[in-house]
Amino acid sequence: MVTIGIAAALEQFHPTDLLAHCRLAEAHGFRGVMAADHFQPWVPQQGHNAFAYSWMGALGATTGHRFGPGVTCPSFRYHPSVIAHAAATLAAMYPDRFWLGLGSGEALNENVVAGVWPDALVRFEMLQEAVEIIQKLLTGKEVRHRGQHFQMNKVRMWTLPERPLPIYIAATGPQTLRWAGRVCDGLITPAANHEKLRTILDHFAQGARAAGKDPDTMPKLLQVHVSWAATDAEALQNALTEWPNGGMNFPKQDIRSPEDFAAMARLVRAENFAGRVLIASDLEAHRAQLQGFIDLGFTEIYVHNVGRNQEEWIRAYGEHVLPKLEM
């Protein structure tokens, strides 16, 4: 059974409002939440930066959703041991509901701690080492680490979930995808055209098979950004105003401030969203897009409507989109 969930944009909405959105989504057929772990919004217009781990604790207590961060970088703002600590607590409190999503990070969120912002290869090496530390700590055994990027004195985790905590990796590049398939439990990737997504799934499957795993049984999570409104014109305006970063077809990992993103946003036009954000008032177009992703083999799809019209969108999807999907 495929899960269709909501992507909770903590960089865009007040955390109390987001909890209300997630409760409403649960009442209308959504069955999971992917929480954005952001220190800053993409652009100032979005206006928020609630702490994802505090918020997820409240989410678990007030809904029945399965949930996790999409995604946490365990390398700059946080030492890997801190993420292992936070994740183990949530998994212990909400058995079989919490998953840990990890990635190599973006300067917008991670460079707030200052220091050198390394290139992509170094960030990948840091992610690999961080995952190793987290996985060892989650065994409950005493761990000491002296690595290239991280140091940790001998310590153990005392509060642990009864069952193993799944770790999913955010990836689009071949090397990271194959490593994720070998070492971790599942994949997180953003929506793209079907050809690119097939390639992503293939690289992930190669890594899984190399480790003796069956990729068909592993969770494959997709984050999808859409802009739905009563009219196409309103949907486009919502995208341009609220989510112009969705129309930026270039790497964003090295951009450091919302103001820099806002300056770049002045160059974004309607055509720049093509293939990146579905902008449509026609709910059949939304259903068809999700069905296509399901048919590709994604097991969990988390949808973010970029406009402020969250309640209307949730009700519209609950009535006209989710019941019509073949899963």
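You'll find the structure just up there.
Residues numbered from 1 in each chain as written. Predicted model: local features only at pLDDT ≥ 70, side-chain atom pairs only at ≥ 80, totals over all residues. Heavy atoms only, no water.

(A) View of the packing of helix α5 (residues 120–137) against helix α6 (residues 174–183). Following both chains from N to C, one finds α5 and α6 inclined at 10°, their axes separated by 12 Å at the closest point. By the angle between their axes, α5 is roughly parallel relative to α6. For the pair α5 and α6, contact is made by Phe124, Leu127, Gln128, Val131 and Gln135 and by Gln175, Thr176, Trp179 and Val183, respectively. Classifying every residue of the contact of α5 with α6 gives five nonpolar, four polar and no charged. (Axes fitted to C-alpha atoms, helices over the stretch in contact; angles between N-to-C directions. Helix = DSSP H or I, 4+ residues; strand = E, 2+ residues; numbered from the N terminus. Parallel < 35°, antiparallel > 145°, perpendicular 65-115°, else oblique. Contact = heavy atoms within 4.5 Å. Nonpolar A, V, L, I, M, F, W, Y, C, P; charged D, E, K, R; others polar.)

(B) Representation of the side chain of Ser257. One can find Ser257 in the loop between α8 (232–242) and α9 (258–265). Residue Ser257 is classed as buried on the basis of its relative accessible area, which comes to 17%. In contact with Ser257, not counting residues within four places along its chain, are Gln40, Trp42 and Leu108. (Buried < 20%, exposed > 50% of the residue type's maximum accessible area, 1.4 Å probe, protein only.)

(C) The arrangement of the packing of aromatic side chains in detail. For the structure shown, the criterion picks out 13 aromatic pairs. Centre to centre, the rings of Phe30 and Tyr317 are 6.3 Å apart; their planes meet at 10°, and the pair counts as stacked. Taken as a pair, Phe30 in the loop between α1 (15–27) and β2 (32–35) and Tyr317 in helix α11 (residues 310–320) lie far apart in primary sequence, 287 residues in all. In terms of burial, Phe30 and Tyr317 fall into one category: buried. Residues Phe76 and Trp117 carry aromatic rings whose centres are separated by 4.9 Å and whose planes lie at 45° to one another, so their mutual orientation is tilted. You can see Phe76 sitting in the loop between β3 (66–69) and α3 (80–93) and its partner Trp117 sitting in the loop between α4 (107–110) and α5, a full 41 residues away along the chain. Look at Trp117 and you get buried, because its relative accessible area is 11%. The ring of Trp158 carries the charged tip of Arg156 above its face, separated from the ring centre by 3.8 Å. Positioned over the ring face of Phe13 is Arg308, at 5.1 Å from the centre of the ring. (Phe/Tyr/Trp six-rings, centres within 6.5 Å; stacked < 30°, edge-to-face > 60°. Lys NZ or Arg CZ within 6 Å of the ring centre and 35° of its normal.)

(D) Representation of the pattern of salt bridges within the structure. Scanning all chains against the criterion turns up eleven salt bridges. Here Arg77 makes a salt bridge to Asp37, at a shortest N to O gap of 3.3 Å. In this pair, Arg77 is assigned in the loop between β3 and α3 and Asp37 in the loop between β2 and α2 (52–62), connecting sequence segments 40 residues apart. Looking at Asp37, the relative accessible area reads 3%, which means it is buried. (Salt bridge = Lys/Arg side-chain N within 4 Å of Asp/Glu carboxyl O.)

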